[in-house]
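Observations on the three-dimensional arrangement
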Amino acid sequence: MARQHGVSRTDRNEPKASAAGLWHIIKLAHPKFSLMIPGFLLAISGVILNLFAPKFSGQLINSFSSGHQLNQRLIVIVLMLFVGGAIVSAIGSFLTGVAGEQLVRNLRRIVWDKLVVFKVSYFDQVKSGETTSRLTNDTNQVKTLVANALPGFLTSSIQMVGAVVLMFATDWHLALWIVIAVPITAALVTPVMIFAAKVGHGTQDAMAEFTGSSQETLSEMRLVKSSGAESYVLKHGQSLIDNLFKFGKREAIVDGVIGPIMTLVMMSLFVLILVVGALRVSRGESSMGTLFSFIMYLFQIMPALATVGTFATTFSKTQGATQRLITLLDEPVEDLAAGEDINIEGQTLVANQIDFKYQDDQSILSQVSFEAKPNTVVAFVGPSGGGKSTIFQLLERFYHPTNGEILLGEKSIDTISLKAWRRQIGFVSQDSAIMAGTIRDNLTYGLTGHYSDQQLWDVLEMAYADEFVQAMSDGLDTQVGERGVKVSGGQRQRLAIARAFLRDPKLLMLDEATASLDSESEAMVQKALEKLMKNRTTLVIAHRLSTIVDADQIYFVAHGQITGQGTHQELLATHELYAEYVNEQIVTQ
Ligand SMILES: Nc1ncnc2c1ncn2[C@@H]1O[C@H](COP(=O)(O)OP(=O)(O)O)[C@@H](O)[C@H]1O
Ligand SMILES: [Mg+2]
C-alpha cells in the first residue's frame, strides 16, 4: 500500500502549458489532413446550408400569410437545405471523427513505444496509474481538441456571425434586440455553468480517489485481514463514500436548478423576441416569416454560443495534457541495440570500485569490487538491506553506477548492446512473476524462436516441473496467472528455472531464489538450481548455508560495502561478522 504515498513526478514539476507544445504534439501525431480538411470544409458547408434554411423558411411562411398558394419551389428549397445540411454535416463530422481516431492511435503508439524502453528508474518514481492516464486520457484530450472542439469552434463561430449578419440584413431592428439580449442572457447563465463545472470536477476527483483507494485495499485484502486493519479500512472507505455523497448532493442541487434556470432564461428571451417581433409585425414593420426565421436563428445561436464559450476551457485542458505528454516523451530511454553484440561466455566479470545511489542524497553502494571467473559460483551474503539486490540490478543494467565500472574481460559492459547482454543473463528472483497466459507462453516469454513441445517438456523436467504441469488439465496450454490455474510459490520458482533452462544463459543470477519457500519445495527448487548452475557463471545471493559453503568465492555485503571476501573457511577465520552471520543461519535453519 506504499504506492499511495509515492511522490508523483508530474506533481513535483507541473510543466508550463504552451500553445507551442500543443502544436508540437499535434505535429508528432501526424493528423491526416486529407481527411481533416475535407471534413472541416463539409462541416462549414453544412453550417452555411443551415444558415439559409431559416431565411427560406421565413419566405415560405410569408408566402402563406400573404394569401398566395403553396410555393412548391420554396418547399423544395427549404427541405433540401435542411436535409442537405444534415447530410453534409454528418459526413463532415464522420471524416474529422475518423481523423481524430487516427490521431489518438498514432499518439498512443508513440507513447507506448517510449514506455516500453523507459529506464527502470522511471517506473520507480511514477505510479503506474499515472502513466496509464497519460496513455489513455491525455492522448484522448488531444483528439477531443482536434476532432471535436476545434471544428466545433470554427463552425459555431461561422454559425453565429452568419446568423447575425443574415438577421441584420432581414430586419436590423429586431436583430439589434437579439444581439443585445443574447450576450446578456449568456452572461446570466455563465456563473451557473461555471459552478456546475466546478461541482462536476469535484465529483470526478472524489470518485478517482475512491476508486484508487478501494482498488488498492481490495487487492491487498489478505494484508488487511492479517493486520486486523478492518476497522481502519471501514472508516477510511466510509469517509470517502461520505465525501462522494457530499459532492453528489451538490450535483443533485445543480442538476435540479440548472434545468429550470435555463428554461426560464431561454423562455424570457423567446418571449422578449416574440413580443418585440409581434409588435413590429402588427405595425407592419416586419413579417411573420421574419419572426419565425429569427426564432430559428435563436435556436442556432444558443448552442453555438455554448460551444464557443467552452472552447477556451478545452484548449487550456489540452495544453496541460500535451505538456504532460511532452514531459513523458522527454524521459530518458534505453537504447537496446546500441553497442556490440558479443558472446560473454568464458570471460571474467569484474566490478571495479562501483558507487551507486538511487536518489541523489542517499548512497547505497560505495567502492564495491568483486570478480566472477567463468564457470564459478560467486555468492553474496550479508544482512538485509545491505545492497545485494542492488548489485544485481546494476549487473542487469537497470541502473548505471554513479562511479566505477563493471568490466567483462577488459571491456566495460556498457560497450555491449543491452539486448545482447540481457539475452545472455538468466535471472531468478525470490518471487518469480507469472504472466497471464499459458504455461507455454510463460516459458517462452520474450523469446523469438520456435520451441517444440519436446523442448518445453525437457526444460520442465530439468526444473522438476514436469509432473505438476502434466497434472494440469491442458498441460502446456493450461492458462495460469491471472484468471487461470493458480500455481504455488514453489511451482512458480520451478517454472522460472525451466524458463532459465530454455534461455540457456551464460551468466546466471539468483536472488534468494528459495527464500520464500517451505522446506519441501525449497529442496526441489535447490536441486533444480544446482543443475541449472552447471557450466555457467553463477552469481547467487544466498541465505542458505549449503549454497554459501559450496561457492567458489563469497563476498560479504553490509551497508553498501564489501567488508570481506574469500571462501567459506577463509571468511570464517578472518571475518567476525561473517562468522556471526553463519552462526545465526545455522541456529535459524
Ligand atoms: N528502487 C529503489 N529505489 C530506492 N531505494 C531502493 C530501491 N531498491 C532498493 N533500495 C534501497 O537500497 C538499499 C539496498 O537494498 P537491496 O539492494 O534490496 O538490499 P538487499 O538485497 O541486500 O537486502 C535499501 O536501503 C533499499 O531501501
Ligand atoms: Mg535483496
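Note that the coordinates shown come from a computational prediction; the quantities given were computed from them, not determined experimentally.

Reading the values: rules and limits
- Residues numbered from 1 in each chain as written.
- Chains lettered and ligands numbered in written order.
- Predicted model: local features only at pLDDT ≥ 70, side-chain atom pairs only at ≥ 80, totals over all residues.
- Helix = DSSP H or I, 4+ residues; strand = E, 2+ residues; numbered from the N terminus.
- Rg over C-alpha atoms; globule rule 2.2 N^0.38 Å.
- Buried ≥ 20, exposed ≤ 12 C-beta atoms within 10 Å, placed from the backbone.
- Contact = placed C-beta atoms within 7 Å.
- Pairing = 2+ DSSP bridges.
- Axes fitted to C-alpha atoms, helices over the stretch in contact; angles between N-to-C directions.
- Core = buried A, V, L, I, M, F, W, Y, C linked by C-beta atoms within 7 Å.
- Expected span 1.5 Å × (residues − 1).
- Near = placed C-beta within 6 Å.
- Nonpolar A, V, L, I, M, F, W, Y, C, P; charged D, E, K, R; others polar.
- Arc of directions from axis to C-beta.
- Parallel < 35°, antiparallel > 145°, perpendicular 65-115°, else oblique.
- Left-handed = near helix turned anticlockwise from the far one by under 90°.
- UniProt positions renumbered as here; feature names shortened; annotations may be inferred.
- Domains from an automatic or database assignment.
- pLDDT = per-residue confidence, 0-100.

**Remarks on the overall build of the protein**
Scanning the protein from N- to C-terminus turns up 19 helices and 12 strands. A compact globule built from 589 residues would reach a C-alpha radius of gyration of about 25 Å, whereas the protein, at 35 Å, exceeds it by more than 25%. Its C-alpha atoms give the protein principal-axis dimensions of about 115 × 50 × 50 Å. Classification of the 589 residues of the protein by burial places 29% in the buried group. Partitioning the intrachain contacts of the protein with sequence separation of at least 6 by distance along the chain shows that 78% fall at a separation of at least 24.

**Some remarks on the sheet that holds strand β2 (residues 363-372)**
Strand order in the open sheet made by the four strands is β2-β1-β4-β5, with antiparallel pairing throughout. Looking along the sheet, the strands with just one partner apiece sit at the ends: β2 and β5 (411-412). Note that strand β1 (residues 349-357) and β2 share six bridges and pair antiparallel. Within β2, the position partnered with F356 by the bridge is L365. Those strands touched by helix α10 (residues 388-395) are β1, β2 and β4 (403-408), and its axis lies near 70° from that of β2.

**Points about the nonpolar core**
A379, A463, I497, A498 and M509 are the most contacted members of the largest nonpolar core, which totals 68 residues. Looking at which element gives the most residues to this core, the answer is helix α15 (residues 489-503), with seven residues. Ranked by size, the runner-up nonpolar core spans 36 residues in total, among them F153, M160, A163 and F294.

**Here we look at helix α8 (residues 230-282)**
With 53 residues, α8 should cover 78 Å at 1.5 Å per step; its first-to-last C-alpha distance of 76 Å lies within 8% of that length. Phi turns positive one or two residues past the end of α8, at G284, with a value near 80°.

**Considering the site of ligand 1**
Every residue near ligand 1 is listed here: D124, Y358, I364, S384, G385, G386, G387, K388, S389 and T390. With three residues, α10 is the largest single contributor of residues to the shell around ligand 1. The residue makeup of the shell around ligand 1, split by class, is two nonpolar, six polar and two charged.

**Structural notes on helix α13 (residues 453-462)**
Residues separated by three or four positions in an α-helix point in the same direction, a consequence of the helix having 3.6 residues per turn. Here α13 has its buried residues at L456, V459 and L460. End-on view of α13: buried residues confined to an arc of 105°, all on one side of the axis. Summarising the contacts, the buried residues of α13 are in contact with α12 (439-443), α14 (466-471) and α15. Directly after α13, the chain includes Y464, whose backbone phi takes a positive value near 55°.

**Some details on the packing of helix α3 (residues 33-65) against helix α4 (residues 72-116)**
Remark: α3 packs on α4, axes separated minimally by 7 Å, with the N-to-C direction vectors making an angle of 160°. Judged by the angle between their axes, α3 and α4 are roughly antiparallel. Judged by the twist between their axes, the crossing of α3 over α4 is left-handed.

**Quick look at the pairing of strand β6 (residues 425-428)**
Burial of the side chains of β6 extends over both faces: I425 and F427 are buried on one face and G426 and V428 on the other. Both β6 and strand β9 (residues 507-511) contribute to a ladder of four bridges, which runs parallel. Bridged to G426 within β9 is L508.

**A word on the sheet that holds strand β3 (residues 377-381)**
Sheets are built from strands that pair by backbone hydrogen bonding, the pairs being arranged parallel or antiparallel. Spatial strand order, β6-β9-β10-β3-β11-β12: six strands in an open sheet with mixed pairing. Of all the strands in the sheet, just β6 and β12 (561-566) have a single pairing partner and so form its edges. Neighbouring strand axes in the sheet, compared pairwise and without regard to direction, differ in orientation by 15° on average. Against the sheet, α15 touches β6 and β9, its axis set at about 175° to β6.

**Quick word on the UniProt feature "transmembrane region" (unreviewed entry) in the protein**
The UniProt entry lists residues 33-53, 73-99, 145-168, 174-197, 256-279 and 291-315 under the feature "transmembrane region" (unreviewed entry), expressed in the numbering used here. Along residues 73-99, the helical share is 100% and the strand share 0%, with 38 Å between the first and last C-alpha atoms. End C-alpha to end C-alpha, residues 291-315 measures 36 Å, and it is 100% helix and 0% strand.

**Regarding the domain arrangement of the protein**
When the parts of a complex come together, some accessible area is lost, and that lost area is often used as the size of the interface. With domains assigned, the protein is organised as domain 1 (14-329) and domain 2 (349-588). Put simply, the middle of domain 1 and the middle of domain 2, counted by C-alpha atoms, are 55 Å apart.

**Thoughts on the pairing of β1**
Connecting β1 to the antiparallel partner β2 that follows it, the hairpin turn spans five residues. Relative to β4, β1 runs antiparallel, the two sharing five bridges. Residue pairing in the sheet places D355 in a bridge with N403 of β4.

**Points about unusual backbone geometry**
What is expected of a backbone is that most residues other than glycine have negative phi and most peptide bonds are trans. Positioned with a positive phi, R397 is a non-glycine residue whose angle comes to about 60°. Mapping R397 onto the fold places it in the loop between α10 and β4.

**Focus: the environment of S412**
Mapped onto the elements, S412 comes out in strand β5. Residues within four places of S412 in sequence aside, it is in contact with E405, I406 and L407.

**Thoughts on the packing of α15 against helix α16 (residues 519-533)**
Any two packed helices are characterised by the angle at which their axes cross and by the distance between the axes. Between α15 and α16, the least distance of the axes is 9 Å, while the angle of their chain directions is 5°. Judged by the inter-axis angle, α15 sits roughly parallel to α16. The residues of α16 that touch α15, namely those facing G489, G490, Q493, R494, I497, A500 and F501, are S521, M524, V525, A528, L529 and L532. The class makeup of the residues in the contact of α15 with α16 is eight nonpolar, four polar and one charged.

**Notes on the confidence of the model for the protein**
Of all residues in the protein, 96% have pLDDT values of 70 or greater, and the mean over the chain is 88. Confidence, expressed as mean pLDDT per element, reaches its minimum in the protein at helix α1 (residues 9-12) with 44 and its maximum at α10 with 95. Ignoring residues within four places in sequence, the model shows residues 1-13, a span with pLDDT below 50, making 16 contacts including any to other chains.

**Thoughts on the environment of H236**
Following the sequence through the fold, H236 ends up in helix α8. Looking at H236, the number of C-beta atoms within 10 Å reads 14, which means it is partly exposed. A C-alpha to C-alpha distance of 23 Å links H236 and S128, two positions 108 residues apart in sequence.

**Re the environment of L476**
Counting through the fold element by element, L476 comes out in the loop between α14 and β8 (479-480). Between the C-alpha atom of L476 and that of L188, which follows or precedes it by 288 residues, the distance is 69 Å. Excluding residues within four positions of it along the chain, L476 makes contact with T438, I439, R440, D453, L456 and V469.

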